[in-house]
Amino acid sequence: MMAAPRYPIRPLSSVIESFEAGVSVNAEDRPAGRDEHGVLKVSAISAGQFLPEENKAILASELPRMGPSVRAGDVLVSRANTLDLVGLAARAPATFPHLHLPDKIWRARLIVDDDATARWLVHVVNAPHTRAAIRRRATGTSGSMKNIGQHAFVGIAVPTPPAEARGRMADVLDSLARQADVTSRLAKARRAWRRDLLSSVLPSASGHRSFAASPFQLRDLLHESRLVASSGATARKLTVRLYGRGVLAKAGSRSGSQSTQYYRRRAGQLIYSKLDFLNGAFGIVPPELDGYESTLDLPAFDVSPEINPRWLLHFLSWPGFYRKQVRLANGGRKARRVNPSDLLRVEIHVPPRHVQDNIAACLDAVDCEIDILTRLAERIEKFRRAVIDKLLSGELAIPDP
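Per-chain numbering applies: the sequence of each chain, read as written, is numbered from 1 onward. Totals for whole chains, interfaces and linings use all residues, but because this is a predicted model, local features are given only for residues with pLDDT of at least 70 and pairs of side-chain atoms are given and counted only at 80 or more. Each side-chain value is worked out from all heavy atoms of the structure, with water and hydrogens disregarded.

> Give a detailed account of the overall build of the chain, specifying residues and quantitative values.
Numbering of helices and strands runs from the N terminus, with a helix taken as a DSSP run of H or I at least four residues long and a strand as a DSSP run of E at least two residues long. Per the secondary structure count, the chain includes 8 helices and 25 strands. Every radius of gyration here is taken over C-alpha atoms, with the globule rule written as 2.2 Å times N^0.38, N being the number of residues. Relative to the globule expectation of 21 Å for 401 residues, the C-alpha radius of gyration of the chain, 27 Å, shows a markedly less compact shape. Whether a residue is buried, partly exposed or exposed follows from its accessible area with a 1.4 Å probe, protein chains only, as a fraction of its type maximum: under 20%, in between, or over 50%, in that order. Burial status across the chain gives 44% buried among its 401 residues. Carbon and sulfur atoms provide 52% of the accessible area of the chain, an area that totals close to 20,400 Å². Charge-centre separation for the chain: the mean point of 57 positive side chains lies 6 Å from the mean point of 41 negative side chains. Residue burial considers only the protein chains on display, and all accessible areas are found by Shrake-Rupley using a 1.4 Å probe. Neither His nor the chain ends contribute to the count of charged residues, in which Lys and Arg are positive and Asp and Glu negative. For the purpose of locating charges, the reference atoms are NZ of Lys, CZ of Arg, CG of Asp and CD of Glu.

Structure follows, in structure tokens:
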């Protein structure tokens, strides 16, 4: 709940004079180039950011019906979107000179059209308490798409600080938003770099000459472990996340069937999900989960001492490997399982141990960096959301420069 405001509570109509809407046009399903005319998609407004890559090229036959041009600094509001995104606001950057306003996005006309008010308005519209009010007022029954009417939107009451305070608030919130965005983009770039790195350092089906990789069947490297443990009624259960993202205790695990047999898993064992093999559900049991249990739907293996388990995990959870094993999957389309007996017959090419160690160390370091950047971006955004209401209400004051 928002703290008791120190600033006057006024409707958004005290800041927004009117709205301008675009028109509905047909467009090609490709981004408009810099010298082409384009129209924004509804998805172009996301969490306070205007995404210039989210646009479509306008067909030549539609040029006479184009909506108004989008100008740098315009305050744009999503009129129709999913419930989570309807009513979001963003400012348009000077990125594309020929983008036009579609019918599902408004351009807000401000009573006092200055940069500080425009930047402050985007933050106040996207603030948690305003978002909650928008969701309550949004209407629509056509699937997931919701609408917010102009009258309902400008009637939302918000704390309204004096003009001289708006710029200082916007400066702080803009800075936090930029930090979260830059950190998130860095994480995304590192993930893309990691994908390229995997393709260059992991051996293909035909081996990797520069690493003098040797062919092995997985049965030569792995031995399935079946240490009988508890029943489903008392087992401490673990689960494997998709895309090689680790092994963790099963959250909110409830008692299972007394007749279901569980098997003890040891730290350092390789484990995978039969059902989610084709989604890269591989992991290494961490020390803190030593002694936890799973059924045979999550088989576990002791790894040969000649193999670096981390290298093997990176290899098996690499899309270049598991996506090519579709032929191993048995069962219906929604319940296709890969059994250990079939997996262990697969032949892979293994580089010398010192090469494995170097590759694993490099990929582990990249994964650690990606994890740090992702967590940092999330924490910056969480902090921004925590302080936004306090800033906008005046509970948290920003001193004069």
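> Explain the environment of K324 residue by residue, including any values.
With respect to the element layout, K324 can be found in the loop between α6 (319-322) and α7 (340-343). Here K324 falls in the exposed class, since its relative accessible area comes to 57%. Separated by 186 residues in sequence, K324 and A138 have C-alpha atoms that sit 45 Å apart.

> Please give an account of the pattern of salt bridges that cites residues and values.
Note on definitions: salt bridges are taken to be side-chain nitrogens of Lys or Arg within 4 Å of carboxyl oxygens of Asp or Glu. Counting across every chain of the model gives 23 salt bridges. Across the pair R107 and E20 runs a salt bridge whose closest N-O atoms are separated by 2.9 Å. Of the two residues, R107 sits in strand β12 (residues 105-110) while E20 sits in strand β2 (residues 16-21), which places them 87 residues apart along the sequence. Here R107 falls in the buried class, since its relative accessible area comes to 3%. Of the charged contacts, one joins D174 and R119 as a salt bridge, the two residues approaching to 2.8 Å between their closest N and O atoms.

> I'd like a description of the packing of helix α4 (residues 163-201) against helix α8 (residues 353-393), backed by residues and values.
Between the N-to-C directions of two axes lies an angle of 0 to 180 degrees, each axis being a line fitted to C-alpha atoms and, for a helix, fitted only over the stretch in contact. Between α4 and α8, the least distance of the axes is 9 Å, while the angle of their chain directions is 160°. Taken together, the axes of α4 and α8 lie roughly antiparallel to each other. As α4 runs across α8, the sense of the crossing is left-handed. Considered class by class, the residues forming the contact of α4 with α8 number 26 nonpolar, 4 polar and 7 charged. Orientation labels follow simple angle bins: below 35 degrees gives roughly parallel, above 145 gives roughly antiparallel, 65 to 115 gives roughly perpendicular, and whatever is left gives oblique. In a left-handed crossing the near helix is turned counterclockwise from the far helix by less than a right angle, and in a right-handed crossing that turn is clockwise. Lys, Arg, Asp and Glu make up the charged group, whereas Ala, Val, Leu, Ile, Met, Phe, Trp, Tyr, Cys and Pro make up the nonpolar group; the residues left over, Gly among them, are polar.

> Tell me about the confidence of the model for the chain, and name the residues and values.
Segments scoring low in pLDDT should not have their predicted coordinates read at a detailed level. pLDDT measures how confident the predictor is about each residue, on a scale from 0 to 100. Residue-level pLDDT values for the chain average 86, and 92% of them are 70 or greater. Taken element by element, the chain is modelled with least confidence in strand β5 (residues 45-46), mean pLDDT 71, and with most confidence in strand β21 (residues 270-272), mean pLDDT 97.

> I'd like a rundown of the sheet that holds strand β17 (residues 227-231), residues and numbers included.
Any two strands with at least two DSSP bridges between them are considered paired. Spatially, the 3 strands line up as an open sheet ordered β17-β20-β23, and their pairing is antiparallel. Of all the strands in the sheet, the pair left with one neighbour each is β17 and β23 (293-294). In this structure, strand β20 (residues 261-264) lies alongside β23, joined through 2 bridges in antiparallel fashion. Across the sheet, the residue bridging to R264 is E293, located in β23.

> Can you lay out α8 for me, pointing to particular residues and giving the numbers?
One fewer than the residue count of a helix, multiplied by 1.5 Å, yields its expected span. Taking 1.5 Å as the rise per residue, α8 with 41 residues should run 60 Å; its terminal C-alpha atoms sit 60 Å apart, in good agreement. Fitting axes to the seven residues ending at a residue and to the seven starting there, one defines the bend at that residue as the angle between these axes. Along α8, the sharpest change in direction is near 30° and occurs at V387. G394 lies just past α8 and shows a positive phi near 95°.

> With reference to specific residues and values, describe the environment of I9.
Along the chain, the position of I9 falls in strand β1 (residues 9-11). The exposure class assigned to I9 is partly exposed, which follows from its relative accessible area of 47%. Residues are treated as being in contact if the distance between any of their heavy atoms lies within 4.5 Å. Apart from the residues within four sequence positions on either side, I9 is in contact with A157, V158 and P159.

> Now, about the packing of aromatic side chains: what can you tell me, with residues and values included?
To pair, rings of Phe, Tyr and Trp, with the six-membered ring standing in for Trp, must have centres within 6.5 Å; the planes then decide the type, stacked if under 30 degrees apart, edge-to-face if over 60, and tilted in the middle. All told, the structure shown has 11 aromatic pairs when counted by the stated rule. Note on F277 and F282: the rings are 5.1 Å apart at their centroids and 70° apart in plane angle, and the pair reads as edge-to-face. Considered together, F277 and F282 belong to a single accessibility category, that of buried residues. Sitting over the ring of W193, R190 keeps its end group 4.6 Å from the ring centre. When the ring centre of Y292 is taken as origin, the NZ or CZ atom of R236, which lies over that ring, is 4.6 Å away. Here, over-ring charges are defined by two tests on the NZ atom of lysine or the CZ atom of arginine: distance to the ring centre within 6 Å, and angle to the ring normal within 35 degrees.

> Pulling in residues and values, what's your account of the sheet that holds β21?
As summarised here, the arrangement of the 4 strands in space is β16-β24-β21-β22, forming an open sheet in which the pairing is antiparallel. Every interior strand has two partners, whereas the edge strands, β16 (222-225) and β22 (282-284), have only one. Averaged over all neighbouring strand pairs, the angle between strand axes comes to 30°, with direction disregarded. Across the sheet, helix α5 (residues 309-316) is in contact with β16, β21, β22 and β24 (300-303); its angle to β22 comes to roughly 165°.

> A description of the packing of α5 against α8 should follow, citing residues and the corresponding values.
Between two packed helices, what matters for the description is the angle formed by their axes and the separation of those axes. Following both chains from N to C, one finds α5 and α8 inclined at 65°, their axes separated by 8 Å at the closest point. Relative to α8, α5 is oriented roughly perpendicular. Between α5 and α8 lies a crossing whose hand is left-handed. For the pair α5 and α8, contact is made by R310, W311 and H314 and by Q356, I359, A360, L363, D364 and D367, respectively. Residues that form the contact of α5 with α8 fall into these classes: 4 nonpolar, 2 polar and 3 charged.

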